[in-house]
2 protein chains.
Amino acid sequence: MSDPGVKKISIGLLGYGTVGSSVYSLINDQAVEIARTTGASINIKKILVRDISVPRQDAPQELFTDDYEDIVDDPEINTIVELIGGIVPAFDYISSALEKGKSVVTANKQLLSQKGVYLFQLAREKGTQIRFEASVAGAIPVIKVLRESMVAADLTSVYGIVNGTTNFILTEMSRTGAKYQDALANAQEWGYAESDPTEDISGKDAAAKMAILASIAFHTAVELDDVACIGIEGISSLDISYARSLDMSVKLLGVAKLYDDRINVRVYPALLKKDHPLASVSGAYNAVFLKGNSIDEIMLSGPGAGGIETASAVVGDIVSIVARDKPGVLEDISAWRELEFYPDDDVVSKFYLRLEVNDEPGVLATIAQIFGKYGVSVESVIQQGRGAHAELVMVFHPVKEASFRKALDQIAGLPEVKSQPRPIRVEGDGYDQ
Amino acid sequence: MSDPGVKKISIGLLGYGTVGSSVYSLINDQAVEIARTTGASINIKKILVRDISVPRQDAPQELFTDDYEDIVDDPEINTIVELIGGIVPAFDYISSALEKGKSVVTANKQLLSQKGVYLFQLAREKGTQIRFEASVAGAIPVIKVLRESMVAADLTSVYGIVNGTTNFILTEMSRTGAKYQDALANAQEWGYAESDPTEDISGKDAAAKMAILASIAFHTAVELDDVACIGIEGISSLDISYARSLDMSVKLLGVAKLYDDRINVRVYPALLKKDHPLASVSGAYNAVFLKGNSIDEIMLSGPGAGGIETASAVVGDIVSIVARDKPGVLEDISAWRELEFYPDDDVVSKFYLRLEVNDEPGVLATIAQIFGKYGVSVESVIQQGRGAHAELVMVFHPVKEASFRKALDQIAGLPEVKSQPRPIRVEGDGYDQ
């Protein structure tokens, strides 16, 4: 190295599960390459685990500790990599690391989507950095691109598929015709879904990621609670097969958009035309679109979170810290805007709706009349007999959400309607995004 | 701003064509936003043009100069944005700017693919930076991602569609059945091809970009002359229609790959299965795949070079310079590896071949025998009568390029063969990349 002083990154690693042990081996395998390309020497000095008596592969036993003070008070350790997840105790750990001027790398989307603004500001005050590429879309460097390449892009929307579990389930349902419960069981068996999959299937995981993306894209504080979300629990194999007959796929989308200077961020399942680039993102893959006034449309895609991909993103963040000593703009929330939110009620969308109704004369007329009363205009209807019931599959012209919901509420109360109406948005038809 | 010292970026802009004037207006339109998010004030102080007597829109006349010394000797100007292209005089301009410790942003792929190593080293020595996001794939931030996010990814291949003009032409031929010449004329009419389109259609433009990408991905010097390239001039509408009948698309690919620690970088048209993600990249769009030992496969895609996209990439580079005062690893070519090249002859590929032959008995047998002699194994054959001639369309199992070429040379000399054999590689079948 021609640099006089070789920079030393000494890491305290919090957590040693799949990602933690991948980070450990990646840093060791790539140490020479990282030193060669960054001029810095990187080593993991201590690893926090709950129980140090458990013998662990790969890493020498003396690295492990169950006492966080042992790590955060070590003056040699200048970088904390937090991989334990959740709010408690991760929030306290990260806060105290930043307080002491240490850099932080984390994959913790829950924490960032709830306490991000506080942590950014703390990093700024202490002249240090917090990086979190691994919190969204695994090894796809969407955070870095948003933070550093898109300043002049004047972004107007960020949207895509940011949860691999639900995309795997929907892909399976579409590929095999499987029911939701069977596809979920399959995803669990393959390791693509947790034994408790609630975070993923409810859309909460995607909502946390969209809060983070929206905050960075629009330089304004968006928190988890600001993101309305609908999960995929209500998607039936009938919806998937109707979608196919309409030449569409069902995907769980995260959408963050500016409407004039107001923000709307949401997560919901949507029907997408088969030729939409997101329709072909299958299995556990993720894909994010960036659109702005100075860029037409950029897509980043790749595998969602896997152990090695997430680890690779974490190591990329460590390298970015080496490259940049001072806090960046992200940490300076005083430079953020305070944009208002655009109400969900005012968003104009196309909808698809499948309804079970009594198979008797006049039902369609009654329903159509209610939609008409609220100014909701039908684009197409299929009616199909299924024994005593009939199934109505309707697609509507773009309509304000509030009007559509009012019509639906009234229709849900009709005695002829036998199922809870669960509309699905139709996207990518040109009028939106 | 909470920063005590506001950083001032004072720019000398070289060239005021489509991209130059877009950079000028983008910086002016976004000045407040850029200042807010970077804490730096950015202004364009002087603009170099050939003839200052021509009145120009947007920019005040007093900014223009036809004397480069006027810019490079201005002590206030700390950043040169070079948008004139070509080697002469851009090379001298950039060299003298770096000599004086000024940062450089350029979109000049020809220059970088021929003099990049020298310029990187010069920047390093002078403690400054050279950035060139706009030289490859427009607003898609592939250079930044390669330079900064992929250090731990242990990349093994970088490949994709990096020339919008040829992709537009091939898309048109496929969509409308147009002949090559008509599709080219159409691309020229739409502004997607230059009046002299040689650089693009010969594959040279893509080769320059691949040399840059390969250099950064593998940290080794790859220059334009190291990249063998085949253009699209030989692609006939018959090839396109046969491709369709094989459920494939024809794309001009740039491929940079490591074979154990040896590099192979090439540009060639290829047949891709319709479900390959690159097959659906259409029109003037670009897409780049990154693959490594620690990342499965990441794709970045978006519009190729347009005035506003290229300008957005240039401004992104300026912002990156603000964020990072010192030269990065890229500039330190002493940290680069010196990888050997893997010979084209040894690359194993599948091939497609269309041949016009005399429609007489025994021709197929003669040809098949020659392929057999060189160990080239046929996967499928279609023979079709076309008047006095017959057309043979053959697809081969993966074979070493040298063996295939030897067989082809012998076949080209047969009196029964009426057309120059122009094989096209078949990619994405699982055995490659």
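Residues numbered from 1 in each chain as written. Chains lettered and ligands numbered in written order. Predicted model: local features only at pLDDT ≥ 70, side-chain atom pairs only at ≥ 80, totals over all residues.

**Some points on the overall build of chain A**
Consideration 1: Summing up its helical and strand segments, chain A has 14 helices and 18 strands in all.
Consideration 2: Taken over the C-alpha trace, chain A has a radius of gyration of 24 Å; the compact-globule value for 433 residues is 22 Å, and the two agree within 12%.
Consideration 3: For chain A, the spread of C-alpha atoms along the principal axes amounts to about 85 × 45 × 35 Å.
Consideration 4: A burial count over chain A gives 52% of its 433 residues as buried.
Consideration 5: The contacts in chain A between residues at least 6 apart in sequence include a share of 75% that link residues at least 24 apart. (Helix = DSSP H or I, 4+ residues; strand = E, 2+ residues; numbered from the N terminus. Rg over C-alpha atoms; globule rule 2.2 N^0.38 Å. Buried ≥ 20, exposed ≤ 12 C-beta atoms within 10 Å, placed from the backbone. Contact = placed C-beta atoms within 7 Å.)

**Remarks on the environment of Asp200(B)**
All names here are of chain B.
Consideration 1: Following the sequence through the fold, Asp200 ends up in helix α9 (residues 198-201).
Consideration 2: Judged by C-beta crowding, with 25 C-beta atoms within 10 Å, Asp200 ranks as buried.
Consideration 3: Asp200 sits 43 residues away from Ser157 along the chain, and the two C-alpha atoms are 23 Å apart.
Consideration 4: If sequence neighbours within four positions are ignored, Asp200 has contacts with Asn163, Thr165, Thr166, Ala193 and Asp205.

**A word on the domain arrangement of chain A**
Consideration 1: Partitioning chain A into domains gives domain 1 (7-135), domain 2 (142-304) and domain 3 (345-427).
Consideration 2: With centres defined by C-alpha atoms, the gap from domain 1 of chain A to domain 3 of chain A works out at 51 Å. (Domains from an automatic or database assignment.)

**A word on the relation of the copies chain A and chain B**
Consideration 1: When chain A is brought onto chain B, the operation consists of a screw motion whose angular component is 180° and whose axial shift is 0.1 Å, with 0.0 Å RMSD remaining. In short, the pair behaves as if placed about a two-fold rotation axis. Residue Leu300(A) of chain A places its C-alpha closer to the rotation axis than any other residue of that unit, at 2.3 Å.
Consideration 2: Counting the interface residues of chain A, we find that 100% of their copies in chain B are interface residues as well, pointing to one common contact surface. (Least-squares fit on C-alpha atoms with pLDDT ≥ 70 in both.)

**Focus on the sheet that holds strand β6 (residues 130-131) of chain B**
Residue and element names in this part refer to chain B.
Consideration 1: The six strands lie next to each other as β3-β2-β1-β4-β5-β6, forming an open sheet whose pairing is parallel. Two strands lie at the open edges of the sheet, namely β3 (64-65) and β6, each paired on one side alone.
Consideration 2: Direction of pairing for strand β2 (residues 40-48) relative to β3: parallel, over a ladder of two bridges. Residue pairing for β3: Ile47 is matched across the bridge by Phe64. (Pairing = 2+ DSSP bridges.)

**Examining unusual backbone geometry**
With the exception of glycine, most residues fall at negative phi, and the peptide bonds are largely trans.
Consideration 1: Residue Pro89(A) is reached from Val88(A) by a cis peptide bond, and omega for that bond is 0°.
Consideration 2: Relative to the helices and strands, Pro89(A) resides in the loop between β4 (79-82) and α4 (90-99).
Consideration 3: Despite not being glycine, His219(B) shows a phi value in the positive range, around 50°.
Consideration 4: Position of His219(B) among the secondary structure elements: in the loop between α10 (204-218) and β8 (228-229).
Consideration 5: The phi angle at Asp247(B) is positive, at roughly 65°, despite the residue not being glycine.
Consideration 6: With respect to the element layout, Asp247(B) can be found in the loop between α11 (237-245) and β9 (248-259).

**Considering the pairing of β2(B)**
Consideration 1: Here eight bridges tie strand β1 (residues 7-14) of chain B to β2(B), and the two strands are oriented parallel to one another. Its bridge partner being in β2(B), Lys7(B) is matched across the sheet by Ala40(B).

**Describing the interface of chain A and chain B**
Consideration 1: Taken together, the contact between chain A and chain B spans 46 residues of the former and 46 residues of the latter.
Consideration 2: Those elements that place two or more of their residues in the side of chain A that touches chain B are α2 (31-38), α6 (142-149), β12 (298-303) and α12 (307-323) of chain A.
Consideration 3: Per-element tally for the side of chain A that touches chain B: the top contributor is α12(A), with eight residues.
Consideration 4: Counted by class, the side of chain A that touches chain B contains 21 nonpolar, 16 polar and nine charged residues.
Consideration 5: Across three bridges, β12(A) lies against strand β12 (residues 298-303) of chain B in antiparallel orientation. Within β12(B), the position partnered with Leu300(A) by the bridge is Leu300(B). (Nonpolar A, V, L, I, M, F, W, Y, C, P; charged D, E, K, R; others polar.)

**Brief notes about the sheet that holds strand β1 (residues 7-14) of chain A**
Residues and elements named next belong to chain A.
Consideration 1: What the six strands build is an open sheet, ordered β3-β2-β1-β4-β5-β6; its pairing is parallel. Looking at which strands have only one partner, the edges of the open sheet turn out to be β3 (64-65) and β6 (130-131).
Consideration 2: Direction of pairing for strand β5 (residues 103-106) relative to β6: parallel, over a ladder of two bridges. Following the sheet pairing, Val104 is matched in β6 by Ile130.

**Observations concerning the packing of helix α5 (residues 109-125) of chain A against helix α10 (residues 204-218) of chain A**
Residues and elements named next belong to chain A.
Consideration 1: Here α5 crosses α10 at 50°, and the two axes come no closer than 8 Å. Relative to α10, α5 is oriented oblique. Crossing of α5 against α10: the hand is left-handed. Contacts between α5 and α10 involve Lys109, Gln110, Leu112, Ser113 and Gly116 from the first element and Ala208, Lys209, Ala211, Ile212 and Ser215 from the second. (Axes fitted to C-alpha atoms, helices over the stretch in contact; angles between N-to-C directions. Parallel < 35°, antiparallel > 145°, perpendicular 65-115°, else oblique. Left-handed = near helix turned anticlockwise from the far one by under 90°.)

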